[in-house]
Amino acid sequence: MLSYFLRRLALVVPTFIGITVLIFTLTRFVPGGPVERMLANIQAQQGMSSSPSMAGESNALSEEQLAELNAFYGLDKPVFEAYSEWLTKLVQLDFGLSTRYYEPVWDMIMERLPISLFYGGVTFFLSYFISIPLGYYKALKHGSHFDSASSILIFIGYALPGYVIGVLLITFFSYQLEWFPMGGFVSDEFEDYESVWLQIKDIFWHACLPLICYLIGDFATLTMTMKNNMMETLSADYIRTAIAKGLPFSQAVRRHALRNSLIPIASHFGNSLLFFMTGSFLIEVIFNIDGVGLLGYESIMERDYPVVMGIVAINAVLLMLGNIISDICVALVDPRVRFGA
């Protein structure tokens, strides 16, 4: 099994290079780069009506000035030469400078990472540590009033996207009732609070509505996955045989059914790493949460390619490491799995 995981780790490097080459190439061929975006903003400020695609033909800057700008942003080089330079700096943890804010990309990501880690961590903890026991209990009480009532709520939550629920929540609870803030991560008076307890209350007061949106999709999926796996396992021949031989039902469930029902959930466990990093940019946009997801969304819209590539590089590494962690979790839960044997 060790050789299998060593091979998986060895594949991380070529897979990472393949992903970043593809994304880097796409950023070079997408119309409307950082220079065109900057010229479009200048034209908009001057009241000009030229579109970004016509920026190269505008008289806002001369051809020489455009060439200097392209050279400044490194856009005058061939794709693979520019990619090689970017990759060389990336190995040294130099993500470059943002073309929008002229700040180091690494600092911008690290500045917003605690917010994404907070939402990702709380969502991960609540979704797994509530959904698995709930799905387990629903499977044992299948057909009961509790199972039917909870299933209705779960299916409603599953059918509605998180950002739609976010719009409904912010309209009703923030705008109409004014129980919660309209957005943001903390209040403007956060630094003035005299105790840590008041600061924690302020964070969760702002996080209450976004967390509902984050949780509702994963919560429904994990709960129903756990319930369906549990019911399928309980109907298996080896469970019925164990009970027929005198093993109490509760012990048969705990010793055999529960562990095997966790295998499909364990196979997706490592993918949650990606959620720690990016979260959901739509929810962050709706609630104006200044996390990595919102930073990535704004960078794509503003053609801030160094930031986009920095986030893509980190996400690619997390995704590949998450897949390896998922394999380890499956091997731990299912003793029949012997990778590479």
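Now for the overall build of the protein chain. Across its full length, the protein chain carries 15 helices and zero strands. Overall, the protein chain is about 90 × 60 × 40 Å in size when its C-alpha atoms are taken along their principal axes. Per-residue burial over the protein chain gives 40% buried out of 341 residues. Here the analysis covers contacts within the protein chain between residues at least 6 apart in sequence; of these, 73% occur between residues at least 24 apart. Carbon and sulfur atoms form 65% of the exposed surface of the protein chain, whose accessible area is close to 19,000 Å².

Below, the discussion takes up the pattern of salt bridges. This model, assessed by the stated rule, comprises six salt bridges. Between E298 and R100 there is a salt bridge; the shortest N-O distance is 3.8 Å. With E298 in helix 14 (residues 292-301) and R100 in the loop between helix 4 (79-91) and helix 5 (105-140), this pair connects stretches of sequence that are 198 residues apart. With a relative accessible area of 27%, E298 lands in the partly exposed category. For R100, a relative accessible area of 34% translates into the label partly exposed.

Another point: the environment of E284. Along the polypeptide, E284 turns up in helix 13 (residues 281-286). For E284, a relative accessible area of 1% translates into the label buried. Polar contacts involving the side chain of E284 include one to the main-chain amide nitrogen of G293, which spans 3.2 Å.

In terms of nonpolar packing, the biggest core is built from 25 residues, with F24 and W86 touching the most fellow members. For this core, the elements supplying multiple residues, two or more each, are helix 1 (2-29), helix 4, helix 5, helix 14 and helix 15 (305-333). Ranked by residues supplied to this core, first place goes to helix 15 with eight residues. Among residues more than four places away in sequence, those in contact with W86 are T20, F24, M309 and A313. Counting 19 residues, the second-largest nonpolar core is a separate cluster that includes I165, C213, Y214 and F287.

Taken as a whole, this structure holds 15 aromatic pairs when the rule is applied. A ring pair is formed by F95 and W106, whose centres lie 5.2 Å apart and whose planes are at 35°; its orientation type is tilted. Here F95 is found in the loop between helix 4 and helix 5, whereas its partner W106 is found in helix 5, with 11 residues between them in sequence. A relative accessible area of 6% means that F95 is categorised as buried. Of the residues examined, W106 reaches a relative accessible area of 31% and is grouped as partly exposed. Members of the aromatic cluster, connected to one another through ring pairs, are F118, Y119, F185, F204 and Y214.

Over its 29 residues, helix 15 extends 41 Å from the first C-alpha to the last, a length consistent with the 42 Å expected when each residue adds 1.5 Å. Counting buried positions along helix 15 yields 21 of 29 residues, so the element is predominantly enclosed.

Once that is clear, we can look at a negative patch on the surface. Taken together, D188, E189, E191 and D192 make up a surface patch of like negative charges. Structurally, E189 is set in the loop between helix 7 (162-176) and helix 8 (196-234).

One way to put it is that helix 2 (residues 34-45) packs onto helix 3 (residues 63-72) with a least axis distance of 10 Å and a crossing angle of 130°. The angle between the axes of helix 2 and helix 3 places the two elements in the oblique class. Between helix 2 and helix 3, the contacting residues are V35, M38 and L39 on the first element and L66, L69 and N70 on the second. Of the residues belonging to the contact of helix 2 with helix 3, the class tally is five nonpolar, one polar and no charged.

What follows covers the environment of R259. Here R259 shows up in helix 10 (residues 249-261). In this structure, the C-alpha to C-alpha distance between R259 and E191, residues 68 residues apart in sequence, is 46 Å.

The next subject is helix 6 (residues 145-159). Over its 15 residues, helix 6 extends 21 Å from the first C-alpha to the last, a length consistent with the 21 Å expected when each residue adds 1.5 Å. Of the residues making up helix 6, those classed as buried are D147, S150, S151, I154 and G157. Along the long axis of helix 6, the arc covered by the buried residues comes to 130°, so they all point the same way. For helix 6, exposure combined with an orientation more than 90 degrees from the buried face picks out H145, I152, L153 and A159. Buried residues along helix 6 sit against helix 5, helix 7 and helix 8.

Thresholds, definitions, all that
- Residues numbered from 1 in each chain as written.
- Predicted model: local features only at pLDDT ≥ 70, side-chain atom pairs only at ≥ 80, totals over all residues.
- Heavy atoms only, no water.
- Helix = DSSP H or I, 4+ residues; strand = E, 2+ residues; numbered from the N terminus.
- Buried < 20%, exposed > 50% of the residue type's maximum accessible area, 1.4 Å probe, protein only.
- Contact = heavy atoms within 4.5 Å.
- Areas by Shrake-Rupley, 256 points an atom, 1.4 Å probe, with all protein chains shown as cover.
- Salt bridge = Lys/Arg side-chain N within 4 Å of Asp/Glu carboxyl O.
- Polar contact = N/O pair within 3.5 Å; in protein donor to acceptor, adjacent residues only side chain to side chain.
- Core = buried A, V, L, I, M, F, W, Y, C linked by side-chain atoms within 4.5 Å.
- Phe/Tyr/Trp six-rings, centres within 6.5 Å; stacked < 30°, edge-to-face > 60°.
- Expected span 1.5 Å × (residues − 1).
- Patch = residues over 30% accessible without salt bridge, like charges linked within 9 Å, V, L, I, M, F, W, Y side chains within 5 Å.
- Lys, Arg positive; Asp, Glu negative; His and termini not counted.
- Charge placed at Lys NZ, Arg CZ, Asp CG, Glu CD.
- Axes fitted to C-alpha atoms, helices over the stretch in contact; angles between N-to-C directions.
- Parallel < 35°, antiparallel > 145°, perpendicular 65-115°, else oblique.
- Nonpolar A, V, L, I, M, F, W, Y, C, P; charged D, E, K, R; others polar.
- Arc of directions from axis to C-beta.

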